[in-house]
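# Close look at the chain arrangement
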Amino acid sequence: MQLNLIGSLGAFLALFSLVSAMGHAKIPSRPNVIPAPYNAGKAMPHSPPRDKGRYCHVKQGCNKDRDDAPHILHALQECNNGGTAVFDKSYLIGSPLDLTFLKHIDIVITGDIAFDDFDVYYWDNNSFRYAFQNQTVFWKLGGKDVNIYGDLSLEEGKSVIDGRGQAYWEELQINSALYRPMLFAFDGMKGATMSNLRMRNPPNWFNIIANSTDIIISNMDLRAKSLNNVKIANSDGWDTYRSDRVVIQDSFIDNTDDCVSFKPNSTNVVIQNLECIGSHGISIGSIGQYKNKTDIVENLQIYNISMTNASDFARIKVWPGVDTDFQTHLTGGGGTGWVRNVTYDLLHGINNDRAITITQCYGQSNKTLCNEYPANLTIEDVTMKNIYGTTSAKLDPQAGTLVCSAPDRCSNIRVENITVTVPSGQPPVYECRNMDNSLLQLTCIAESDGDRDTS
């Protein structure tokens, strides 16, 4: 009898081990994410393998009105310091999550994560706030040595983080002051990768990388699509802010605002091998927004970018030296600082309104006011080269603008080997002011009269 019991127990344990192994076999291996062809100035920190067999599968609630945030918090606490947390089911997050304690952990998402959109005003009041541009976010992840990844070979609806933005975009038509959370934040992260994931329909920006260093983003698929022609608000792909040594590469973005934006104090950032559709370009800024604040953006490499049906492509946007009331929750002007040592290289544009945009009058339509109060922030040592493709008919034959607000605000701005064409077949022209035109391999014309288009 005892022998039979021991034998039965042995068979059970063998079966359990087999089932467990089969379950873990479905978990994709951590991708080896390497910056290429450029890195952010030095090698990223090494991330050691996680503890063998130490997996924390995140539990899923049972009710439609559930909140899986407590399950997520518990799993990440359990597998912190060496484990792997697995999101392999459908999760609904109904309360904010502060996950800035993470250390030496992998997070695998093969299921789907969504944020409850039943009451958009709950998130208006309960998401994490950033003073910068009045932004908020559902959850924020920080710490040290974190790898987040999925599997893009899975069908649509898997390996996805969904912000359910439609409800917010609709409410925004009624209440322009609605605070809409960003979909994802790295905040205070030191050494992390994020790769092979889908992101869908953020209420606001897709991502912010804030107060972080040594971050690699790779092989991501970002899309924002609305129903019933409701206008999608914002939807920036990635915004860097107070962060150093960041690489974003090998990804697809279909949105309605900046594909990537370098916000204040973004340094040593590489953007490479991206396909962007419907955006506002690869943008430096907006910067110089806040009086008595110094914004530094320097050492940027933007390489091998495809941009289609966008308002702008290579873009630098600086606030003027005077208070400007641009939009609800977006006002400012008068900040100081500089943009320095920036290279845009190998840019392929298809049907974009402008191939190049440089302005120090961001958000202000009154050109006379901008000229009277020039920007306090300088732009120097910028090269834009190997730019080809087409613009849209919107401004034909104009293909861009390069306008600084005073002669001493911009220096050593170079444009080389630009072969952009306009639909009419006429020679493309660019509005230029306060530039050294001898450094620009394009045809400059005087800046037009009248108010600026700030749409």
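Here, the structure is the one placed above.
We now turn to the structure provided with this report. This is a predicted model, so every value here is computed, not measured. (Residues numbered from 1 in each chain as written. Predicted model: local features only at pLDDT ≥ 70, side-chain atom pairs only at ≥ 80, totals over all residues. Heavy atoms only, no water.)

What follows concerns unusual backbone geometry. Glycine aside, residues mostly have negative phi angles, and peptide bonds mostly take the trans form. Between A36 and P37 the backbone carries a cis peptide bond, its omega angle lying at 0 degrees. Position of P37 relative to the elements: it lies in the loop between helix 1 (2-25) and strand 1 (55-57). With omega at 10 degrees, the peptide bond leading from D396 into P397 counts as cis. Mapped onto the secondary structure, P397 falls in the loop between strand 25 (376-391) and strand 26 (398-403). Despite not being glycine, N211 shows a phi value in the positive range, around 55 degrees. The residue N211 is located in the loop between strand 12 (207-210) and strand 13 (213-223) in this model. Judged by relative accessible area, N211 falls into the partly exposed class, the value being 28%. (Helix = DSSP H or I, 4+ residues; strand = E, 2+ residues; numbered from the N terminus. Buried < 20%, exposed > 50% of the residue type's maximum accessible area, 1.4 Å probe, protein only.)

Relative to strand 23 (residues 336-352), strand 19 (residues 294-308) is paired through 13 bridges, and the arrangement is parallel. Paired with T294 across the strands is T336, a residue of strand 23. (Pairing = 2+ DSSP bridges.)

Before going further, it helps to examine the nonpolar core. Within the largest apolar cluster, 100 residues are counted, with the highest numbers of intra-cluster contacts made by W139 and F186. With seven residues, the single largest contributor to this core is strand 11 (residues 184-200). Discounting chain neighbours no more than four positions away, the residues touching W139 are I93, L97, L99, I113, F115, F128, I161, L183, F184 and A185. (Core = buried A, V, L, I, M, F, W, Y, C linked by side-chain atoms within 4.5 Å. Contact = heavy atoms within 4.5 Å.)

Turning next to the state of the cysteines. On inspection of all chains with the given rule, the structure shows five disulfides. The partner cysteine of C56 in its disulfide is C79, sulfur to sulfur 2.2 Å. Handedness here is read from the sign of the S-S torsion; for C56 and C79, about 90 degrees, the answer is right-handed. Here C56 is found in strand 1, whereas its partner C79 is found in helix 2 (residues 69-79), with 23 residues between them in sequence. Exposure class is identical for C56 and C79. Each is buried. (Disulfide = S-S within 2.5 Å.)

Let's shift gears to helix 2. Every buried residue of helix 2 is listed here: A69, I72, A75, L76 and C79. Axial view of helix 2: buried residues confined to an arc of 130 degrees, hence all on one face. Considering only its buried residues, helix 2 is in contact with strand 1, strand 2 (84-87), strand 3 (90-93) and strand 4 (97-109). (Arc of directions from axis to C-beta.)

With that settled, the discussion passes to the pairing of strand 25. Looking down a regular strand, the side chains alternate between one sheet face and the other. In the sheet, strand 23 pairs with strand 25 via 13 bridges, with the strands oriented parallel. Paired with G349 across the two strands is G389, which belongs to strand 25. Bridge count for strand 25 against strand 27 (residues 410-421) is 10 bridges, and the pairing is parallel. Counterpart to V382 in the pairing with strand 27 is I413.

Here the focus is the sheet that holds strand 10 (residues 181-182). If you walk across this open sheet you meet the three strands as 6-7-10, and the pairing is mixed. Both edges of this open sheet fall to strand 6 (128-130) and strand 10, since each of them pairs with a single strand only. One ladder, built from three bridges, connects strand 6 with strand 7 (residues 135-137); its direction is antiparallel. Note on strand 7: the bridge partner recorded for Y130 is Q135.

Moving on, we get to the pattern of salt bridges. The full count for this structure, using the stated rule, is 27 salt bridges. Where D214 meets R245, a salt bridge forms, and the shortest distance between an N and an O atom there is 2.7 Å. In this pair, D214 sits in strand 13 while R245 sits in strand 15 (residues 243-254), placing the two residues 31 residues apart along the sequence. Exposure remark for D214: the relative accessible area of 10% places this residue in the buried category. Of the residues examined, R245 reaches a relative accessible area of 18% and is grouped as buried. Two residues, R223 and D221, come together in a salt bridge whose shortest N-O distance is 2.7 Å. Salt bridges linked by common partners bring E156, R198, R200, D221 and R223 together as one network. (Salt bridge = Lys/Arg side-chain N within 4 Å of Asp/Glu carboxyl O.)

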